[in-house]
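Chain residues, written in single-letter form:
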Amino acid sequence: MTGKGDKQKAIAVRGARPPVRAALPSIGLALGGGGARGLAHILMLEVFDELGLRPKIIAGTSIGALYGAAYAAGLPAREIRQLTEAALGRRLDLLRVLIGARAEPILKFLRVLPVRRALLNPEQVLASLLPPAMPQEMHDLGIPLQILATDFYEQEQVVITHGPLRSAVAASIALPALFSPVVREGRVLMDGGLVNPLPFDTLKGEADLIVAIDVSGATIGPGQHMQPTPFNAIISSSQILQRSIVREKLKAQQPDVYIDVDVAEYSVLDFHRFQKILAAAVPAQEQLRRQLKRILTSHPAETLPAIPPEEETTRPSGRLGRLRTFRRNPK
């Protein structure tokens, strides 16, 4: 014979829902351009691996596009670091790659003095440096990727999300005076940093939380500085432009997490100073670790008690995470 208490228990069981697990916010990761300074991105990706976080989407410019592509392809940060160290450690092999990647004459394109074979073909450089297992097409990446480039003739940014991966990255890293432009789908494309060196704005609406890593390099304080060579002045002028663009963008819109890596001491071509650049980026790595841990702490994967249907209320929608959980009515 079933008692009154048993009936009430049965009603409670029928009305109960299984425990609800609070969701973490989805993350959009923006990796900025900065030449060799962008080696610091490796340390930032290590933080994501350490905390077990996987970006929902990645946007990258220049070297940020290169490391963004590797990470989106599924390479862990540890392996990306090892591949980078190996590539930069083989200096003679790298020199052969660069010599073999000299571009065809582009006098008609540049309309300047003859510079036969002065520039490098970025696609050939990437073909020699990227792991052979990298996906050929962007739709085969494990994480959606936006690659930023500049349309030379239209003078506007191009957000590449589909098609051959290597040519997209090559277009984004095609720094003027160093790499030849990339022709893709009828457009002449160059370094994405010329128009969008830190593409956090292209991720708006794509994820709950936007994390932006800026490696454009802050200004260096007063003191004695070496006179730049004409070539260094040309290369560095693009970094001055990029830093200015970032500062203006931040006045109008800011990402949820902004990490400004202090690597201004290093030139965009200082790839041989790999270890020193990584050491300089350690404080920024710790800053990113603290901020992401704070987010994880404020959005614990908690198990909530079962709630009968009549007690369900509206879902809160806070900025960080927009948790899809139910709460009891306050009494």
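Residues numbered from 1 in each chain as written. Predicted model: local features only at pLDDT ≥ 70, side-chain atom pairs only at ≥ 80, totals over all residues. Heavy atoms only, no water.

Novice: Where do I start with the overall build of the protein chain in this structure?
Specialist: Of regular secondary structure, the protein chain possesses 11 helices and 10 strands. Within the protein chain, the fraction of its 331 residues that count as buried is 47%. Looking at the protein chain alone, contacts between residues at least 24 apart form 73% of all its contacts between residues at least 6 apart. As displayed, the protein chain offers around 17,600 Å² of accessible surface, 56% of which is attributable to carbon and sulfur atoms. (Helix = DSSP H or I, 4+ residues; strand = E, 2+ residues; numbered from the N terminus. Buried < 20%, exposed > 50% of the residue type's maximum accessible area, 1.4 Å probe, protein only. Contact = heavy atoms within 4.5 Å. Areas by Shrake-Rupley, 256 points an atom, 1.4 Å probe, with all protein chains shown as cover.)

Novice: How do you make sense of the packing of aromatic side chains when you look at a structure like this?
Specialist: Each aromatic ring pair is specified by the distance between its two centres and by the angle formed by the two planes. In the structure shown here, the tally under the stated rule is one aromatic pair. Between Phe-152 and Tyr-153, the aromatic rings sit 4.9 Å apart at their centres with planes inclined by 85°, giving edge-to-face as the arrangement. Overall, Tyr-153 belongs to the exposed group, its relative accessible area being 54%. Its guanidinium or amino end placed over the ring of Phe-200, Lys-249 lies 4.4 Å from that ring's centre, counting from NZ or CZ. (Phe/Tyr/Trp six-rings, centres within 6.5 Å; stacked < 30°, edge-to-face > 60°. Lys NZ or Arg CZ within 6 Å of the ring centre and 35° of its normal.)

Novice: Where do I start with the pattern of salt bridges in this structure?
Specialist: Pairing is possible between side chains of opposite charge, provided their charged atoms come close. On inspection of all chains with the given rule, the structure shows 10 salt bridges. With a closest N to O distance of 2.6 Å, Arg-187 and Asp-151 form a salt bridge. With Arg-187 in strand β7 (residues 187-191) and Asp-151 in strand β4 (residues 145-151), this pair connects stretches of sequence that are 36 residues apart. Linked through salt bridges whose partners overlap, the residues forming this network are Glu-50, Glu-286 and Arg-289. (Salt bridge = Lys/Arg side-chain N within 4 Å of Asp/Glu carboxyl O.)

Novice: Help me understand the packing of helix α3 (residues 63-72) against helix α8 (residues 165-173) in this model?
Specialist: Two measures define how a pair of helices packs: the angle their axes make with one another and the distance between the axes. One can describe the packing of α3 onto α8 by two numbers: an axis separation of 7 Å at closest approach and a directional angle of 155°. As summarised for this structure, α3 and α8 are arranged roughly antiparallel, according to the angle between their axes. From α3, Ile-63, Ala-65, Leu-66 and Ala-69 reach across to α8, where they touch Leu-165, Val-169, Ser-172 and Ile-173. (Axes fitted to C-alpha atoms, helices over the stretch in contact; angles between N-to-C directions. Parallel < 35°, antiparallel > 145°, perpendicular 65-115°, else oblique.)

Novice: It is not clear to me how the side chain of His-41 should be interpreted in this structure. Could you clarify?
Specialist: Relative to the elements of secondary structure, His-41 occurs in helix α2 (residues 41-51). For His-41, the side chain forms a polar contact with the main-chain oxygen of Gly-32, separated by 2.8 Å. Apart from the residues within four sequence positions on either side, His-41 is in contact with Leu-31, Gly-32, Ile-63, Gly-64, Tyr-67, Ile-213 and Val-215. (Polar contact = N/O pair within 3.5 Å; in protein donor to acceptor, adjacent residues only side chain to side chain.)

Novice: How should the nonpolar core be read in this particular structure?
Specialist: A general feature of soluble globular proteins is that nonpolar side chains tend to end up buried together. Within the largest apolar cluster, 68 residues are counted, with the highest numbers of intra-cluster contacts made by Leu-145, Ile-147, Leu-165, Ile-213, Val-261, Leu-288 and Leu-292. The residues contacting Leu-288, other than those within four sequence positions of it, are Met-44, Val-47, Phe-48, Val-211, Ile-213, Val-257 and Ile-259. Formed by 11 residues, the second largest nonpolar core is a distinct cluster that contains Ala-59, Leu-203, Ala-207 and Ile-210. (Core = buried A, V, L, I, M, F, W, Y, C linked by side-chain atoms within 4.5 Å.)

Novice: Which parts of the structure should I look at to understand the pairing of strand β8 (residues 209-214)?
Specialist: Successive side chains on a regular strand alternate, one facing one side of the sheet and the next facing the other. Burial of β8 is extensive: six of the six residues sit out of reach of the surface. Across the two faces of β8 the burial is the same, with Leu-209, Val-211 and Ile-213 and Ile-210, Ala-212 and Asp-214 all buried. Pairing of strand β2 (residues 27-31) with β8 involves five bridges; the strand directions are parallel. Across the sheet, residue Leu-29 finds its bridge partner in β8, namely Val-211. The sheet contact formed by β8 and strand β9 (residues 257-260) spans four bridges and is parallel. What sits directly across from Val-211, in β9, is Val-257. (Pairing = 2+ DSSP bridges.)

Novice: Where do I start with the environment of Arg-78 in this structure?
Specialist: Looking at the element boundaries, Arg-78 is found in helix α4 (residues 77-89). Overall, Arg-78 belongs to the exposed group, its relative accessible area being 57%. Here the alpha-carbon distance between Arg-78 and Asp-49, two residues 29 residues apart in the chain, equals 8.7 Å.

The analysis is restricted to geometry; functional conclusions fall outside its scope.
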